[in-house]
Amino acid sequence: MFGTRNETAMTAENVRRDVRIALKNADGIDPAEWTPRELRHSFVSLLSAHDVPIEHISRLVGHTNTLVTEMVYRKQIRPVMQEGATVMDEIFPLAPEP
């Protein structure tokens, strides 16, 4: 799909290197800790958390159906059980602002 500057095929290492170069100047991010796979997980999870239909997300990441998108890439990032989250907030209250 994308080629290198030398018009050769991109390898996985080319992509990892370019992602790390792009993240090099981002505050609070260690580029060595990020790979394109983590970015895909984040992309899918954030879109899902904002109510984008899973069918649309699957097409955006190049999947032919929703199964891999749902089972592998989508991570739940909002509380599934609101009641449990409310109780945990009571057990572990935030410290008051100074």
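The following paragraphs examine the structure supplied in this document.

**Digging into the packing of aromatic side chains**
Inspection of every chain in the model, using the stated rule, returns 0 aromatic pairs. The ring of Tyr-73 carries the charged tip of Arg-40 above its face, separated from the ring centre by 5.3 Å.

**Comments concerning the nonpolar core**
Among the nonpolar cores identified, the biggest contains 5 residues, and these are Val-44, Ile-54, Ile-57, Val-61 and Tyr-73. Residues contacting Ile-54, with those up to four places away along its chain left out, are Thr-66, Thr-69, Glu-70 and Arg-74.

**Examining the side chain of Thr-69**
Inspection of the secondary structure assignment puts Thr-69 in helix H4 (residues 67-73). You can call Thr-69 buried: its relative accessible area is 0%. Those residues in contact with Thr-69 that lie beyond four places of it in its chain are Val-44, Ile-54, Ile-57, Ser-58, Val-61, His-63 and Arg-74.

**Describing unusual backbone geometry**
Backbone geometry at Glu-7 places phi at a positive 65°, although glycine is not the residue there. Structurally, the position occupied by Glu-7 is in the segment before helix H1 (12-23). Of the residues examined, Glu-7 reaches a relative accessible area of 75% and is grouped as exposed. Unusually for a residue other than glycine, Asp-51 sits at a positive phi of about 65°. On the secondary structure map, Asp-51 appears in the loop between helix H2 (36-49) and helix H3 (54-60). Looking at Asp-51, the relative accessible area reads 58%, which means it is exposed.

**Some points on the pattern of salt bridges**
Any two side chains of opposite charge can pair, given that their charged atoms come close. Summed over all chains, the structure comprises 3 salt bridges. The partner of Arg-17 in a salt bridge is Asp-18, with the nearest N and O atoms 3.1 Å apart. Glu-70 is the salt-bridge partner of Arg-74, the closest N and O atoms lying 3.3 Å from each other. Residue Glu-70 is classed as partly exposed on the basis of its relative accessible area, which comes to 30%.

**Things to note about H1**
Between its terminal C-alpha atoms H1 stretches 17 Å, which fits the 16 Å expected from 12 residues at 1.5 Å a residue. When we look at burial in H1, the residues that qualify are Asn-14, Val-19 and Leu-23. Looking down the long axis of H1, one finds its buried residues gathered within 160° of arc, a one-sided arrangement. Residues of H1 that are buried in the fold lie against H2.

Procedures and definitions
- Residues numbered from 1 in each chain as written.
- Predicted model: local features only at pLDDT ≥ 70, side-chain atom pairs only at ≥ 80, totals over all residues.
- Heavy atoms only, no water.
- Phe/Tyr/Trp six-rings, centres within 6.5 Å; stacked < 30°, edge-to-face > 60°.
- Lys NZ or Arg CZ within 6 Å of the ring centre and 35° of its normal.
- Core = buried A, V, L, I, M, F, W, Y, C linked by side-chain atoms within 4.5 Å.
- Buried < 20%, exposed > 50% of the residue type's maximum accessible area, 1.4 Å probe, protein only.
- Contact = heavy atoms within 4.5 Å.
- Helix = DSSP H or I, 4+ residues; strand = E, 2+ residues; numbered from the N terminus.
- Salt bridge = Lys/Arg side-chain N within 4 Å of Asp/Glu carboxyl O.
- Expected span 1.5 Å × (residues − 1).
- Arc of directions from axis to C-beta.

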